[in-house]
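Understanding the architecture of this molecule
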Amino acid sequence: MSEISGVLAREVLDSRGRPTVEVEITAGAFRGRAIAPSGASTGAAEAWELRDGGERYDGLGVRQAVDNVNQVISPALVGSDPAKQASVDQILLDLDGTPQKKRLGGNAMLAVSLAASHAAAAMAGVPLHTHFHRLMDEVDESDLQPAMPTPMTNMISGGLHAGGNLDFQDVLAIPVRRVDYPLLLEWLVKIYNRLGRLLQDAGMEGRLVGDEGGFGPRLGGNREAVEFVVRAIEAAGLTPGDDVAIALDVAATHFFADGRYQLRAEEVSLSSSEMVDRLEAWTNDLPIVSIEDGLAEEDWEGWTELTERLGDRVRLVGDDLFTTNTERIQRGIDAGAGNSVLVKMNQIGTISETLAAIALARRADMSFVVSARSGETEDASIADLAVGVAAPEIKIGSIVRSERLAKYNQLLRLAEQL
Ligand code: 2PG
Ligand code: MG
């Protein structure tokens with residue numbers, strides 16, 4: 001067995017050109033490296049992203065978080081066994097000691113926690129997904145087998161991820177026919193390209209893309225964005241609803257103000273029930289199978305109503321609502337709010353807590369989606385996480401831009417191994 005002999009952090013850049021934390025863990029001859037991603041449409045309950053403020057990078061530098069790794073975390077972790085993820089993470093949690101990881105920074109902690117997983121996989125001589133699978137087995141004894149996830153792929157971007165006028169953050173295409181992953185990817189690329197052409201033909205500045213590579217056109221309204229993607233599925237020679245359906249990330253927290261949903265693209269302000277009416281009407285008319293953050297993060301009553309009305313036919317995914325946090329997921333289970341959990345490692349800040357969130361969702365018969373952030377890097381660990389924990393779905397963004405392709409391509413490799 002090797003022990004951790006070094007923990008080294010540095011500042012690197014993410015896909016928006018913003019600083020983030022990279023960590024390398026050395027254990028004898030073995031090494032693990034990981035980079036923390038970063039969100040834009042963040043939930044209020046997320047693990048704290050520690051930023052420096054001041055002049056550098058308009059205040060977004062992460063030198064303090066890097067120093068926390070090098071000066072506080074490193075001395076405490078040297079000598080530990082990286083294979084004991086729970087103990088590594090407990091050391092991080094004890095050192096931090098705050099509910100939202102504000103002392104060390106969730107960005108510092110996640111990069112360390114994930115680098116430990118990589119080092120442990122290297123030590124054991126197994127791929128990362130196998131290591132995650134073993135860790136998952138320790139917290140969830142349900143005889144889970146590794147499996148390929150279905151991607152839900154961003155086609156049109158709005159909200160805080162694009163400069164257009166759309167309120168809804170993502171319109172995604174999600175294959176519903178079970179075919180092999182390489183063919184799914186081919187379909188998704190074809191739909192994306194057909195959509196670009198359709199937007200261009202309609203006179204939109206369709207080739208402009210948002211932070212995750214989805215098209216960011218200015219359209220007449222949110223529903224038009226969904227209709228364009230449905231047409232693109234048809235233009236790709238596929239049947240909407242049978243081959244490929246629609247998923248939405250409404251990201252409603254970010255247009256919820258004064259107790260109402262303020263839809264700028266449509267110049268209306270809706271109550272919670274009216275928002276549910278609208279989502280229900282769309283679901284009746286359009287092949288929508290999944291709606292993420294259809295309501296705001298603190299609108300728990302609205303979420304219960306949404307789930308009562310749509311939960312038997314649509315996956316209602318909590319992102320800002322749950323923030324990969326077992327306490328919030330449990331509150332959702334108790335209140336019948338949502339039926340699926342979005343899983344983002346940096347939303348909670350350690351691998352152990354991420355796996356606990358997945359285990360809780362599974363015990364409650366909730367679905368879950370492993371998700372990237374809008375600020376990503378070449379770190380492709382979520383592909384291995386999704387396979388190792390047999391996530392039904394994965395959300396990576398669009399099928400352009402290398403920080404997204406790093407994950408789609410890693411899934412191609414994993415598809416060969418399974
Ligand atoms: C989301 C994510 C990814 P962000 O809302 O689901 O699309 O966005 O990383 O900005 O929170
Ligand atoms: Mg979301």
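Residues numbered from 1 in each chain as written. Chains lettered and ligands numbered in written order. Predicted model: local features only at pLDDT ≥ 70, side-chain atom pairs only at ≥ 80, totals over all residues. Heavy atoms only, no water.

**Here we look at the overall build of the protein**
For clarity, the threshold we go by: In this description a helix means any DSSP run of H or I spanning at least four residues, a strand means any run of E spanning at least two, and both kinds are numbered starting from the N terminus. Burial classes follow relative accessibility: with a 1.4 Å probe on protein chains only, a residue under 20% of its type's maximum area counts as buried, one over 50% as exposed, and anything between as partly exposed. The contact criterion used throughout is that any non-hydrogen atoms of two residues lie within 4.5 Å. Each accessible area is a Shrake-Rupley estimate made with a 1.4 Å probe; only the visible protein chains count as cover when residues are assessed. For this count, His and the chain ends are skipped, Lys and Arg are scored as positive, and Asp and Glu as negative. Positions of charges follow a simple convention, taking NZ of Lys, CZ of Arg, CG of Asp or CD of Glu.
The helix and strand tally for the protein stands at 13 helices and 14 strands. When its C-alpha atoms are laid out on the principal axes, the protein stretches across 60 × 45 × 45 Å. A burial count over the protein gives 59% of its 418 residues as buried. Partitioning the intrachain contacts of the protein with sequence separation of at least 6 by distance along the chain shows that 69% fall at a separation of at least 24. When the accessible area of the protein is evaluated, it comes to approximately 15,500 Å², of which 46% is carbon and sulfur surface. Taking the average place of the 39 positive charges on the side chains of the protein and the average place of its 63 negative ones, the gap between the two points comes to 4 Å.

**Structural notes on the coordination of the magnesium ion (ligand 2)**
Six octahedrally arranged donors around a metal ideally form angles of 90 or 180 degrees; four tetrahedrally arranged donors ideally form angles of 109.5 degrees. What counts here: Sites may look incomplete because water is not among the atoms; the donors themselves are N, O and S atoms within 2.8 Å of the metal, or within 3.2 Å for Na, K and Ca.
Distances from the magnesium ion (ligand 2) to its protein donors, Asp249 (OD), Glu292 (OE) and Asp319 (OD), fall within 2.0 to 2.2 Å. As a motif over one chain, the donors of the magnesium ion (ligand 2) read D-x42-E-x26-D. With Asp249 in strand β6 (residues 244-249) and Glu292 in strand β10 (residues 288-292), the pair connects residues that are 43 residues apart, well separated along the chain.

**Some details on the environment of Leu208**
Topologically, Leu208 is positioned in the loop between α5 (181-201) and α6 (222-235). Considered as a pair, Leu208 and Gly164 are 44 residues apart in the sequence and their alpha carbons are 9.4 Å apart. Ignoring sequence-local partners within four residues, the contact set of Leu208 consists of Gly214, Phe215 and Gly216.

**A word on helix α2 (residues 85-96)**
Condition: Working rule for helices: expected span equals 1.5 Å times residues minus one. Taking the helix axis as origin, the arc is that swept by the directions to the C-beta atoms.
With twelve residues, α2 extends 17 Å between its outermost C-alpha atoms, agreeing within 8% with the 16 Å of an ideal straight helix rising 1.5 Å per residue. Looking at α2, one finds that the buried residues are Gln85, Val88, Asp89, Leu92 and Asp96. Viewed along the axis of α2, the buried residues span an arc of 95°, placing them on a single side of the element. Among the exposed residues of α2, those oriented more than 90 degrees off its buried face are Ala86 and Asp94. Lining the buried residues of α2 we find α1 (63-77), α3 (106-124), α4 (128-139) and α11 (351-363). Backbone geometry just downstream of α2 places Gly97 in the positive-phi region, at approximately 70°.

**Some details on the domain arrangement of the protein**
The following threshold applies: An automatic or database domain assignment is the source of the domain bounds shown. For any pair of parts, buried area is found by adding up, for both, the accessible area (1.4 Å probe) each one loses once the two are put together. The salt bridge criterion pairs a side-chain nitrogen of Lys or Arg with a carboxyl oxygen of Asp or Glu, the two atoms within 4 Å. Polar contact is the term for a pair of N or O atoms within 3.5 Å; when the atoms are in protein, one must be able to donate a hydrogen and the other to accept it, and sequence-neighboring residues count only if both atoms are side-chain atoms.
When its domains are assigned, the protein resolves into domain 1 (4-125) and domain 2 (150-417). Centre-to-centre, using C-alpha coordinates, domain 1 lies 27 Å away from domain 2. At the boundary of domain 1 with domain 2, total buried surface from both sides reaches about 2,400 Å², with 51% on carbon and sulfur atoms. In this structure, the salt-bridge partner of Lys101 is Glu353, at a minimum N-O distance of 3.1 Å. Taken together, domain 1 and domain 2 are joined by 20 residue pairs in polar contact (both at pLDDT 80 or more). Mapped by element, the contributors of at least two residues to the side of domain 1 that touches domain 2 are β3 (30-35), α2 and α3. Ranked by the residues each element gives to the side of domain 1 that touches domain 2, the list is headed by α3, at seven residues.

**Quick notes on the packing of aromatic side chains**
Counted only if it meets this: For this analysis, a ring pair means two rings from Phe, Tyr or Trp (six-membered ring only for Trp) whose centres lie within 6.5 Å, classed as stacked if their planes differ by under 30 degrees, edge-to-face if by over 60, and tilted for the remaining angles.
All told, the structure shown has five aromatic pairs when counted by the stated rule. Plain terms: the ring middles of Phe168 and Phe255 are 6.1 Å apart, the flat faces sit at 5° to each other, and that makes the pair stacked. Of this pair, Phe168 sits in the loop between β4 (150-157) and β5 (170-175) while Phe255 sits in the loop between β6 and β7 (256-257), and the two are 87 residues apart along the sequence. As far as the burial class goes, Phe168 and Phe255 line up, both buried. Relative to Phe215, the ring of Tyr192 has its centre 4.3 Å away and its plane inclined at 15°; by these criteria the two rings are stacked. With Tyr192 in helix α5 and Phe215 in the loop between α5 and α6, the pair connects residues that are 23 residues apart, well separated along the chain. Per residue, the accessibility class of Tyr192 equals that of Phe215, and both read buried.

**Description of the site of ligand 1**
Here is the rule we go by: Any residue with a non-hydrogen atom lying within 4 Å of a molecule or strand is treated as near it. The classification used treats Ala, Val, Leu, Ile, Met, Phe, Trp, Tyr, Cys and Pro as nonpolar, Asp, Glu, Lys and Arg as charged, and all other residues, Gly among them, as polar.
The immediate surroundings of ligand 1 are formed by 16 residues, with Ala40, His161, Glu212, Ser374 and Lys395 found nearest. Ser41 has a polar backbone atom sitting 2.9 Å from an oxygen atom of ligand 1. Separating an oxygen atom of ligand 1 from a side-chain N or O atom of Arg373 is a distance of 2.7 Å. Within the complex, 99% of the 310 Å² of free accessible area of ligand 1 lies under protein. Residue composition of the shell around ligand 1, by class: three nonpolar, five polar and eight charged. In this structure, the shell around ligand 1 is formed jointly by two domains, domain 1 (4-125) and domain 2 (150-417), each of which donates at least three residues.

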